[in-house]
Amino acid sequence: MIGSSFHCEVQIMISSTSVWQRTKQVTLSLPVQVALLTSLCALIIWTLYFSTYPPVHDALHTTRHGTAAVACH
Amino acid sequence: MRNLKYVGLALAASLVSVFLWFNPLPSPASQPTVQVQTEPALSQVIPDEASVRVALQAVDPMGQPLSDVRFQLQLLTPAKTPWFTSDFPIVEGTKLLELNAKAPSGKLEFEQVMPIRGNYMLKAQVTPLVAGAFEPFEQSLKLSVPERFVKYRNAAILIGILILVGGVSGWIIGGDQTVQDGEIAPQPIRLLLSAVTVLAIAVLLFVNISAELASAHAREETQTTTTLSVQRSQDLEIRLSGDQRATVGRLASQTIQIFNAKTGNPEVNVIVNAKSIALEDNKQMFAYQGSTDDQGKLTWNEQFFDGAPHQVIAEVTPPNGVALQVSHEVEVERIEPPLYIRFISLSYYTGIFALSLLAGIWFHRRSSRSSILFSR
C-alpha cells in the first residue's frame with residue numbers, strides 16, 4: 001500500500017517536471033520568438049498608422065496622410 | 001520580275017500601314033465636344049494639397065466655341081482600390097461634385113481640391129440655352145492625378161526601418177539557442193525581446209502624450225465666428241441655404257437665392273462667387289463663379305471629403321453697391337476606414353518585417369555553417 005502511494009507520488013513529480021521542461025522549451029522556442037517579435041511589430045505599426053482612437057489618430061494625422069497604403073479617414 | 005513587283009507593292013503597303021499606325025491622320029470631329037484645361041497641368045497636381053482650376057469649353061465640330069450653353073457636370077472620384085488604398089478610402093468611387101451651370105460664352109471654370117490619386121471621371125452634359133441652337137451631347141473626360149511623391153518616400157523610409165530591425169532581430173535569434181541552467185532563453189534573445197517590448201511601450205507613451213497635447217491645441221483653434229446666412233442691401237437680398245450637416249462620401253447640397261429687396265422678385269443672371277473653406281487649415285476646397293437662373297438660384301452639390309468643419313461662403317457684388325457676403329458652417333461627419341482595408345495594409349508592413357526576420361535567421365545560420373566548414 002505504502003509502496004504504491006510512493007510510486008504514485010514519484011510519477012506525479014516526474015510528469016510535472018516533464019510538463020515544466022516542455023513548457024520551458026515551448027515558451028521561448030524559435031517559432032514563439034518569431035511570433036512574439038512579429039506581433040510586437042504589428043502592435044507598434046497598428047498604433048502608429050491604423051488606430052482610429054481619435055486622440056491617437058489626430059496626433060499622427062499628417063504622418064498617416066503622408067505614407068503610401070495608409071488609410072487615414 | 002512580276003513576283004518582285006508584288007513583293008514591292010506589299011512592302012510599300014506595309015510601310016504605309018506602319019506609318020499610319022504611328023501617325024494617324026487627324027480626323028475631323030463629327031459632333032461638338034468639350035475641351036478641358038487644368039491649371040496646374042494634371043501631371044503636376046498634388047492630391048489633397050492645393051485646388052486645381054478646371055476650365056471647360058464647349059466647341060462645335062469646326063472647333064469654334066459654342067455660346068449660350070448649359071453644363072450639367074459630375075466629377076467622380078477614382079474607383080475603389082482596397083489592395084493599395086488611398087488615404088481617403090471612403091471617398092473612392094463616389095461623386096465629388098455636381099454642378100448645373102449656365103455658360104453664356106460656352107466656358108465654365110471651377111476650382112476643386114482633388115483628394116486622392118487616380119483617374120477621375122468628369123461627365124459633362126451640354127445643352128443649348130436657346131432650344132435648337134445645337135444638338136445636346138454628353139462627354140466623359142478622364143482626369144489622371146498622380147500620387148504625392150512624399151507618400152512613396154515616407155513608405156520607403158518605413159520599409160527601410162522594418163527591414164533593418166527585422167534583419168538584425170533575425171540575425172540575433174538565428175544565433176546559438178543553447179539555454180543555460182535557470183534560463184528561459186539565451187541572454188541576447190531575452191535582451192532583444194525586452195528591447196522591442198520597451199520600444200512598444202515608448203511608442204504607446206509617445207502617442208498618448210502627443211495626443212493629449214494635440215487635443216489641447218485643437219480646442220483653441222475650433223472657435224470660429226458664425227455669420228448670418230441672409231444678407232440684405234438696398235437693392236438685393238441674398239439667402240444661403242443647404243445642408244449644414246454632411247457626411248464624407250456623400251454629396252451635400254448648397255443653394256444661393258437672390259431677390260430684389262424692394263419687389264421680392266428673383267434676380268436673374270447675377271454673378272455669384274461661391275467657395276468652401278476647410279476650417280482646420282483655412283484651405284479653399286472648392287470655388288466657382290456662376291450666375292443665377294430664372295428663379296434667382298444657383299445650386300451646387302459638393303462632397304466635403306475632409307471630415308472636418310467647413311465654411312460655405314457666397315459673395316455678390318451689385319453693379320452700384322457694396323459687396324454682400326453670406327456664409328454658413330457645415331459640420332462634417334467623418335467615417336472611419338473599413339477594418340479590412342486597414343488589415344490589408346497592416347499585413348503588407350508586418351509581412352515585410354516578418355520576411356526580414358526570417359531572412360536574418362537564414363543568413364546567420366548559413367554564415368555559421370560556412371564558417372564551421374572553413375574551420376575544418
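Residues numbered from 1 in each chain as written. Chains lettered and ligands numbered in written order. Predicted model: local features only at pLDDT ≥ 70, side-chain atom pairs only at ≥ 80, totals over all residues. Heavy atoms only, no water.

Visitor: Explain the overall build of chain B to me, please; I cannot follow it from the model alone.
Guide: Across its full length, chain B carries four helices and 16 strands. A burial count over chain B gives 40% of its 376 residues as buried. Here chain B displays about 21500 Å² of accessible surface, and carbon together with sulfur accounts for 58% of that area. (Helix = DSSP H or I, 4+ residues; strand = E, 2+ residues; numbered from the N terminus. Buried < 20%, exposed > 50% of the residue type's maximum accessible area, 1.4 Å probe, protein only. Areas by Shrake-Rupley, 256 points an atom, 1.4 Å probe, with all protein chains shown as cover.)

Visitor: Just to check I follow, could you spell out the confidence of the model for chain B for this structure?
Guide: Regions with low pLDDT carry predicted coordinates that are not meant to be interpreted in detail. Residues and elements named next belong to chain B. Within chain B, residue pLDDT values average 86, and 87% of them lie at 70 or more. In this model, residues 219-227 is a region of pLDDT below 50 whose contacts with residues beyond four sequence positions or in other chains number six contacts. Here the predicted complex scores 0.80 on pTM and 0.80 on ipTM. (pLDDT = per-residue confidence, 0-100. Contact = heavy atoms within 4.5 Å.)

Visitor: Looking at this structure, how should I read helix H2 (residues 30-50) of chain A?
Guide: Side chains of residues three or four places apart in an α-helix project in the same direction, reflecting 3.6 residues per turn. Compared with the 30 Å implied by 1.5 Å per residue over 21 residues, the 29 Å span of H2(A) between its first and last C-alpha is a close match. Where H2(A) is concerned, the buried positions are Gln33(A), Val34(A), Leu37(A), Thr38(A), Leu40(A), Cys41(A), Ala42(A), Ile44(A), Ile45(A), Thr47(A), Tyr49(A) and Phe50(A). (Expected span 1.5 Å × (residues − 1).)

Visitor: Would you mind going over the sheet that holds strand E16 (residues 324-333) of chain B with me for this structure?
Guide: Strand pairing in a sheet relies on backbone hydrogen bonds. The paired strands run either parallel or antiparallel. Residue and element names in this part refer to chain B. Taken in spatial order, the eight strands line up as E1-E2-E5-E13-E12-E15-E16-E10 in an open sheet, and their pairing is mixed. The open sheet is flanked by strand E1 (33-39) and strand E10 (245-247), the only strands paired with a single partner. The sheet shows a mean angle of 20° between the axes of neighbouring strands, taken without regard to direction. The pairing of strand E5 (residues 107-112) with strand E13 (residues 283-291) spans three bridges and is classified as antiparallel. Its bridge partner being in E13, phenylalanine 110 is matched across the sheet by tyrosine 288. (Pairing = 2+ DSSP bridges. Axes fitted to C-alpha atoms, helices over the stretch in contact; angles between N-to-C directions.)

Visitor: Help me understand the packing of aromatic side chains, please; the structure alone is not making it clear to me.
Guide: The tally for this structure, following the rule as stated, stands at seven aromatic pairs over all chains. Note on Trp46(A) and Phe343(B): the rings are 5.3 Å apart at their centroids and 25° apart in plane angle, and the pair reads as stacked. Pair noted here: Trp46(A) is in helix H2 and Phe343(B) is in helix H4 (residues 339-375), and the two residues belong to different chains. Since its relative accessible area comes to 22%, Trp46(A) is described here as partly exposed. Pairing Trp362(B) with Phe363(B) gives two aromatic rings, centres 5.2 Å apart and planes at 65°, and the pair type is edge-to-face. Grouped by ring-pair contacts, the aromatic residues Trp46(A), Tyr49(A), Phe50(A) and Phe343(B) constitute a single cluster. (Phe/Tyr/Trp six-rings, centres within 6.5 Å; stacked < 30°, edge-to-face > 60°.)

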